[in-house]
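# Residue-level structural notes
Next come the chains, spelled out residue by residue.
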Amino acid sequence: MVYRARDEEMGCDVAIKTFKVPSASQRVRLKSEFRSLAEISHRNLLCLHELFIENEDCFFSMELVEGGVEFTSW
């Protein structure tokens, strides 16, 4: 599921992508891959902001692109 949310620190709206909590080994891989991808900057790619994994909640924030998709407000 993808939500639209306001990032008060950045002062802009962002997209929040939620997904099922991965296993412990998948969490390690997810964190590593997220860090690597967050460092990539290209005009054809969305910017990744932050990854959150806490208890059973797993989501990340990323650049919000308007158009074509309907978002649920957070």
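See the structure above.
The following paragraphs examine the structure supplied in this document.

Cut-offs and rules
- Residues numbered from 1 in each chain as written.
- Predicted model: local features only at pLDDT ≥ 70, side-chain atom pairs only at ≥ 80, totals over all residues.
- Heavy atoms only, no water.
- Patch = residues over 30% accessible without salt bridge, like charges linked within 9 Å, V, L, I, M, F, W, Y side chains within 5 Å.
- Areas by Shrake-Rupley, 256 points an atom, 1.4 Å probe, with all protein chains shown as cover.
- Salt bridge = Lys/Arg side-chain N within 4 Å of Asp/Glu carboxyl O.
- Buried < 20%, exposed > 50% of the residue type's maximum accessible area, 1.4 Å probe, protein only.
- Helix = DSSP H or I, 4+ residues; strand = E, 2+ residues; numbered from the N terminus.

## Side note on a nonpolar patch on the surface
- Residues Leu-37, Ile-40 and Leu-45 make up a contiguous nonpolar surface patch of about 270 Å² in total accessible area.
- On the basis of relative accessibility, which here comes to 47%, the residue Leu-37 falls in the partly exposed class.

## A short note on the pattern of salt bridges
- Counting across every chain of the model gives four salt bridges.
- Residue Asp-13 is joined to Arg-4 by a salt bridge in which the shortest nitrogen-to-oxygen separation is 3.1 Å.
- Relative accessible area serves as the criterion here: at 29%, Asp-13 is assigned to the partly exposed category.
- A salt bridge links Arg-29 to Glu-33, with the nearest nitrogen and oxygen atoms 2.7 Å apart. In this pair, Arg-29 and Glu-33 both sit in helix α1 (residues 24-38), four residues apart, roughly one turn of the helix.
- A cluster of three or more residues bridged by salt bridges with shared partners is formed by Arg-4, Arg-6, Asp-13 and Glu-66.

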